[in-house]
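Coordinates in review
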Amino acid sequence: MTPATSLCGAGPQSSVGQRLRVDPGEMQEAVMKDLLEAKKTSNDRADTPAALLLSMLSDLLLGREPNLGDVAMARGLLLRHTDPYQPLNLHRQMQEANLDIEVVNALMHQLGASASPASVPPAQGRHCPEGLEPRESACDRGGGGGGGGGGGSCDRTAACIDADADAVAVTSAGGLQAANLCAELLTMEEDGFNGMLALLMKPSAAVAAAVGFPSRASEGGAGGSGSSSRGGDSDGGLQVYEFRQTVSSPVMEEVERFLAKAEDAWQYDTWKLAEMTQGHALSCLGFYLLHREGLISQFRIQPTKLARLLRTLESGYPSNPYHNSTHAADVLQTLHMLVRGAGLTPHYLDPLGLMAAYFAAIIHDHGHPGLTSDFLISTSDPLAVRYNDRSPLENHHGASFFALMQEPGMNVMGQLTGQERAAFRKQVLDLVMATDMKQHFSLLAHFNTAHHLAAYNKDIGPWALARSAAAKLSRCSRNDTEAAGSGLDVVAGGVAAGEGPCCPGEMPRPLDETERTLSLQIFLKAADLGHLGEELGVHQRWVRSLEEEFFLQGDQEQQLGLPISPLFDRSKQGVSKSQVGFYDFIALPLVHSLASAFPGAKPLLACFVDNYDHWRAAERAAVAAAAAAAQ
């Protein structure tokens, strides 16, 4: 099949055709069977207002009288304009989990939820829902998994917005030198992948003039590139890599070996890749995966033009402690593993769709100012003004990428048909916009409904499903800290044996285009939280980086006389304090549902659970130490 403009192969079309030919009587019987199955798998207590309404409708269709208490509650929810996908009593659930009140407020804040209980009276065994008013998300990413945090000046985001329309400046060089380098570049292109990888690792001003790379003067360090200057991460500052005129063969071989590990490792250290590539993990990994998947040749992409685009995108990531180009590389690698492990090609992702998914990961935080959406909105930042306070960060990430694609020498999609370009753009934007935490509950609830999954039960936990994956890992290693009570092994590398589909006939097929897009959005959301499943030391470094980014924003809030956001006050413990709560209420429900619907994603859940058990053990030890000190 040629690169399809539908991005999803022929599976959904044939499935729809079969449904249209179903006998009406058989269809009614199938609907009733689905209703009974839904009632059987649902919880005694609906976990969201939407689930409550669906349960009532199911009762009516099955000839049952709905619970009058449920009817009264549903009426109250509708009158209050409650978010239908906000879990009922989320605030109370967090309190009952014995989370610190500051952690509870931080999690509610990050999800854009109200921390105050609703005034709707409880009805016949139902918990009272939270009184929510729809509002903008507190941050681009939340809690331990990420979030739009960090310092940097408000003036810098005003300049950052210009990237949506302005081209990246390129350093000029002498004509003779540029001509000689152009000849060198042609030789590199003829040498194939090795030559282009060397080019990506050779960021001299002369090469910038020949190919259009941003010069080193405008680039940052390992954390990400950009013109903005930020405070360092908690490891002692962002590393600035020495400029090298040439890349030696041993270094190239080492980089290639480490890039090859990214193809089948559920745990991967992108910090190390950034060090090895002199701060260019994103462009090197992006080019490597696009090359290995055959997308460069299939879509007739000029390698030097792709390298130019990737390096320019990389330079568009400011040097934030967390939201930097290394984070984007980490998300890209995790998404690649999920696509491969879950067997999403060819039915969920045809070649054009795979390329769109990769680019969505590459640009999902492009131009991130290191500040939360709420901060941008409360300070009337130009990004918030431009996008009318609605997902300003995610809108900016997508817009800046497609504006860049319009610049001369940057459009690697110019040879595609108009329909293919439109399909590529739609999928990239659909996936990037879904990373807004404001949509978290809605997307996850829709996903669970589409795949007939019960809501995640925190009391039961993720261990059974994770252990089924850990038992089948082909290559395993024990984490730095023994998993408390779970006995799970962490994936050091390799796709779990037996987890992914074994033959093309068993590859998962989307129900329809809506479910296909929804599932891909969940996959990118899970990849966006991927560091939660990295080896413990790597994961802890990401947590420290996120904590520092939040502290930098807290410093600004204090200087501006604004209330300091929960866990953003550097005089107190930061997001490391909220890890258990973030896993319990955000990360594990998301990845558990993904692994339930797509068994090939179970190894990622196993990695999450191992670090989750570490934080639970650390929390229990801290409580015990505090109790002992109080005696």
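Residues numbered from 1 in each chain as written. Predicted model: local features only at pLDDT ≥ 70, side-chain atom pairs only at ≥ 80, totals over all residues. Heavy atoms only, no water.

1. Describing the overall build of the protein
Here is the rule: Secondary structure elements are defined from DSSP: runs of H or I of at least 4 residues count as helices, runs of E of at least 2 residues count as strands, and each element is numbered from the N terminus. The cut-offs for exposure are 20% and 50% of the maximum accessible area for each residue type, with area from a 1.4 Å probe on protein chains only; residues under the lower value are buried, those over the upper are exposed, and the others partly exposed. The contact criterion used throughout is that any non-hydrogen atoms of two residues lie within 4.5 Å. The method behind every accessible area is Shrake-Rupley, applied with a 1.4 Å probe, and residues are considered shielded solely by the protein chains displayed.
When helices and strands are tallied, the protein shows 27 helices and 2 strands. Taken across its 631 residues, the protein has 57% of its residues classed as buried. Counted over contacts in the protein with a minimum sequence separation of 6, partners at least 24 positions apart contribute 79%. For the protein, the computed accessible surface area is about 24,800 Å², with 53% contributed by carbon and sulfur atoms.

2. Focus: the UniProt feature "binding site: AMP" (unreviewed entry) in the protein
To be explicit about the condition: UniProt positions are given in the numbering used here, feature names are shortened, and annotations may be inferred rather than shown by experiment. We define a polar contact as two N or O atoms separated by no more than 3.5 Å, with the added condition that, inside protein, one atom must be a possible hydrogen donor and the other a possible acceptor, whereas residues neighbouring each other in sequence contribute only through side-chain atom pairs.
When the UniProt feature table is mapped onto this chain numbering, "binding site: AMP" (unreviewed entry) sits at His-323, Asn-324, Ser-325, Thr-326, His-327, Asp-365, Asp-528 and Gln-579. Inspection of the secondary structure assignment puts His-323 in the loop between α15 (303-315) and α16 (325-342). Position of Gln-579 relative to the elements: it lies in helix α26 (residues 579-597). Within the structure, the side chain of Gln-579 is placed 3.0 Å from the backbone oxygen of Val-575, a separation counted as a polar contact.

3. A look at the packing of helix α22 (residues 440-450) against helix α24 (residues 513-528)
As a reminder of what qualifies: Fitted lines through C-alpha atoms give the axes, limited to the stretch in contact for helices. The angle between two N-to-C directions lies from 0 to 180 degrees. Roughly parallel means an angle under 35 degrees; roughly antiparallel means over 145; roughly perpendicular covers 65 to 115; every other angle is labelled oblique. Note on convention: the crossing is left-handed when the near helix lies turned anticlockwise from the far helix by less than a right angle, right-handed when the turn is clockwise. Basically, the charged four are Asp, Glu, Lys and Arg, the nonpolar ten are Ala, Val, Leu, Ile, Met, Phe, Trp, Tyr, Cys and Pro, and anything else, Gly included, counts as polar.
Packing of α22 against α24 brings their axes to within 10 Å, and their N-to-C directions diverge by 125°. With respect to their mutual orientation, α22 and α24 come out oblique. Our pair here, α22 against α24, has a crossing hand that is left-handed. Across the interface between the two elements, His-440, Leu-443, Leu-444, His-446, Phe-447 and Ala-450 of α22 pack against Glu-515, Leu-518, Ser-519, Gln-521, Ile-522 and Lys-525 of α24. Of the residues contributing to the contact of α22 with α24, the split by class is 6 nonpolar, 4 polar and 2 charged.

4. Let's talk about the packing of helix α20 (residues 392-405) against helix α21 (residues 418-433)
In contact at an axis separation of 9 Å, α20 and α21 are set at 155° when each is read in the N-to-C sense. As far as their axial angle goes, α21 and α20 are roughly antiparallel. Regarding α20 and α21, the two cross each other, and that crossing is right-handed. Across the interface between the two elements, Glu-394, Asn-395, His-397, Gly-398, Phe-401 and Phe-402 from α20 touch Phe-424, Arg-425, Val-428, Leu-429, Val-432 and Met-433 from α21. By residue class, the composition of the contact of α20 with α21 is 7 nonpolar, 3 polar and 2 charged.

5. Side note on unusual backbone geometry
Each neighbour pair has its own omega, and for Thr-345 with Pro-346 the value is 10°, a cis peptide bond. Mapping Pro-346 onto the fold places it in the loop between α16 and α17 (351-363). Phi is positive for Ser-380, close to 55°, though the residue is something other than glycine. With respect to the helices and strands, Ser-380 occurs in the loop between α18 (373-378) and α19 (382-386). Ser-380 gets classed as exposed once you look at its relative accessible area, which sits at 53%. One non-glycine residue with positive phi stands out, namely Leu-567, at about 70°. Of note, Leu-567 is situated in the loop between α25 (536-559) and α26.

6. Observations concerning the pattern of salt bridges
When their charged atoms lie close together, side chains carrying opposite charge are able to pair. Quick note on the threshold: In what follows, salt bridge is the name for a side-chain nitrogen of Lys or Arg lying within 4 Å of a carboxyl oxygen of Asp or Glu.
This structure, assessed with the given rule, holds 8 salt bridges. Between Glu-263 and Arg-292 there is a salt bridge, with the nearest N and O atoms lying 3.2 Å from each other. Of this pair, Glu-263 sits in the loop between α11 (249-261) and α12 (270-276) while Arg-292 sits in helix α13 (residues 281-292), placing them 29 residues apart in sequence. For Glu-263, a relative accessible area of 14% gives the class buried. A relative accessible area of 49% means that Arg-292 is categorised as partly exposed.

7. Points about α13
Quick note on the threshold: Working rule for helices: expected span equals 1.5 Å times residues minus one.
Between its terminal C-alpha atoms α13 stretches 16 Å, which fits the 16 Å expected from 12 residues at 1.5 Å a residue. Among the 12 residues in α13, 10 count as buried, and that is most of the element. Turning to α13, its buried residues number three or more, namely Ala-281, Leu-282, Ser-283, Cys-284, Leu-285, Gly-286, Phe-287, Tyr-288, Leu-289 and Leu-290.

8. Quick look at the packing of aromatic side chains
Within a pair of aromatic rings, the relevant descriptors are the distance that separates the centres and the angle that separates the planes. What counts here: Pairing of aromatic rings covers Phe, Tyr and the six-membered ring of Trp, with a centre-to-centre limit of 6.5 Å; geometry is then stacked below 30 degrees between planes, edge-to-face above 60, and tilted otherwise. Should the NZ of a Lys or the CZ of an Arg lie within 6 Å of a ring centre and within 35 degrees of the ring normal, that charge is described as sitting over the ring.
This structure, assessed with the given rule, holds 14 aromatic pairs. Residues Tyr-583 and Tyr-612 carry aromatic rings whose centres are separated by 5.6 Å and whose planes lie at 40° to one another, so their mutual orientation is tilted. Separated by 29 residues along the polypeptide, Tyr-583 in helix α26 and Tyr-612 in helix α27 (residues 602-630) bring together distant segments of the chain. Above the face of the Phe-402 ring, Arg-425 is positioned so that its terminal group lies 4.8 Å from the ring centre.

9. As for the side chain of His-614
Checked against the element boundaries, His-614 lands in helix α27. According to the relative accessible area criterion, His-614 is buried, its value standing at 11%.

10. Here we look at the nonpolar core
Filter applied, for reference: Grouping buried Ala, Val, Leu, Ile, Met, Phe, Trp, Tyr and Cys residues that are joined through side-chain atoms within 4.5 Å yields what is termed a nonpolar core.
Judged by nonpolar contacts, the single largest core of 119 residues is most densely connected at Met-355, Phe-359, Phe-424 and Val-428. Core analysis: the second largest hydrophobic core is formed by 7 residues, Phe-375, Leu-376, Leu-383 and Ala-384 among them.

11. Notes on a nonpolar patch on the surface
Using the following cut-off: Here, patches come from residues exposed beyond 30% relative accessible area and free of salt bridges, joined within 9 Å for like charges and within 5 Å for nonpolar side chains (Val, Leu, Ile, Met, Phe, Trp, Tyr).
On the surface, Leu-54, Leu-57 and Leu-60 cluster together to form a nonpolar patch covering roughly 290 Å² of accessible area. Summarising the element assignment, Leu-60 is placed in helix α3 (residues 49-61).

12. Description of the confidence of the model for the protein
This is how it is decided: Values of pLDDT, which run from 0 to 100, indicate the predictor's confidence residue by residue.
On average, residues of the protein carry a pLDDT of 75, and 61% of them reach 70 or more. When the criterion is pLDDT under 50, residues 474-504 qualifies, and its contacts beyond four places in sequence or with other chains add up to 90 contacts.

13. Things to note about the environment of Pro-318
Relative to the elements of secondary structure, Pro-318 occurs in the loop between α15 and α16. Relative accessible area serves as the criterion here: at 8%, Pro-318 is assigned to the buried category. In the structure, Pro-318 is positioned 51 residues away from Pro-369 in sequence and 6.8 Å away in space, judged by C-alpha atoms.

14. What about the environment of Ser-373?
Its place among the elements puts Ser-373 in helix α18. Along the backbone, Ser-373 and Pro-392 are 19 residues apart, and their C-alpha atoms lie at a distance of 6.5 Å.

15. Thoughts on α26
The line we're drawing: By definition, a residue's bend is the angle between the axes fitted to the seven residues ending there and the seven starting there.
Given a rise of 1.5 Å per residue, 19 residues ought to cover 27 Å, and the 25 Å separating the end C-alpha atoms of α26 matches this to within 8%. Most pronounced at Ala-587, the bend in α26 amounts to some 45°, and the proline Pro-589 follows within four residues. With 17 of 19 residues buried, α26 is to be regarded as a mostly interior element.

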